[in-house]
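# Architecture at a glance
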Amino acid sequence: MSPDHLSARYPYYREMVRDELIGWAPSTQLQPWYLLPSDQIFRADLRWSNHAEDRPLIVFARRQDTDDCACICDHGGGVYDVVLIQGWTSQGNGFEIVQRHTSLKDWYRSATDDCSSWKNPTD
């Protein structure tokens, strides 16, 4: 799975990349979040055996200070949501879903809130 593939299927992902709303490495525009480069994008549902999700979970972003990952949960037919997971749980063979967002735009709003609290931890 590549960023080009994600851009073709999910228009707001394309906008985030085109408008450079989020970077490709830790310590970029939206820290603590960053987009994964193509060689690091993976499907959480295939990598980890210990989970209850029955749909593809495409990990496209990671939070640099935790094991949290943002995943596109593809329901097919152009319908998707964004799932936040905590990866590498207990024995390293699973993940836990910690939050759901209705769209990439909704996730981006949440990530900007994380960015604000990351930059201003005492607020």
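Placed above this text is the structure.
An account of the accompanying structure is given in this report. (Residues numbered from 1 in each chain as written. Predicted model: local features only at pLDDT ≥ 70, side-chain atom pairs only at ≥ 80, totals over all residues. Heavy atoms only, no water.)

## Focus: the packing of aromatic side chains
The description of an aromatic ring pair uses the distance of the two centres, along with the angle that the planes make with each other. Selection criterion: Planes of paired rings set the category: under 30 degrees apart is stacked, over 60 is edge-to-face and the rest tilted, where pairs are Phe, Tyr or Trp rings (Trp by its six-membered ring) whose centres lie within 6.5 Å. Only DSSP runs of H or I reaching four residues or more are called helices, and only runs of E reaching two or more are called strands; each is numbered from the N terminus. Here the term buried applies to any residue with accessible area under 20% of the maximum for its type, exposed to any over 50%, and partly exposed to those in between, with areas from a 1.4 Å probe on protein chains only.
Using the criterion set out here, one finds five aromatic pairs in the structure. Relative to Trp-107, the ring of Trp-33 has its centre 5.5 Å away and its plane inclined at 85 degrees; by these criteria the two rings are edge-to-face. With Trp-33 in strand S1 (residues 33-35) and Trp-107 in helix H4 (residues 104-119), the pair connects residues that are 74 residues apart, well separated along the chain. Here the two residues Trp-33 and Trp-107 agree in accessibility, since each one is buried. Ring centres of Trp-48 and Phe-95 lie 5.9 Å apart, and the angle between their planes is 55 degrees; on these two criteria the pair is classed as tilted. Here the residue Trp-48 occupies a position in the loop between helix H3 (44-47) and strand S3 (57-63), and Phe-95 occupies one in strand S6 (residues 95-101), the gap between them amounting to 47 residues. Here the aromatic cluster, defined as three or more aromatic residues joined through ring pairs, consists of Trp-33, Phe-60 and Trp-107.

## Quick look at the side chain of Ser-110
Inclusion rule: Two residues qualify as a contact provided that any one of their heavy atoms is within 4.5 Å of a heavy atom in the partner residue.
Structurally, Ser-110 is set in helix H4. Look at Ser-110 and you get buried, because its relative accessible area is 17%. Contact partners of Ser-110, with chain neighbours within four places excluded, come to Gln-99 and His-101.

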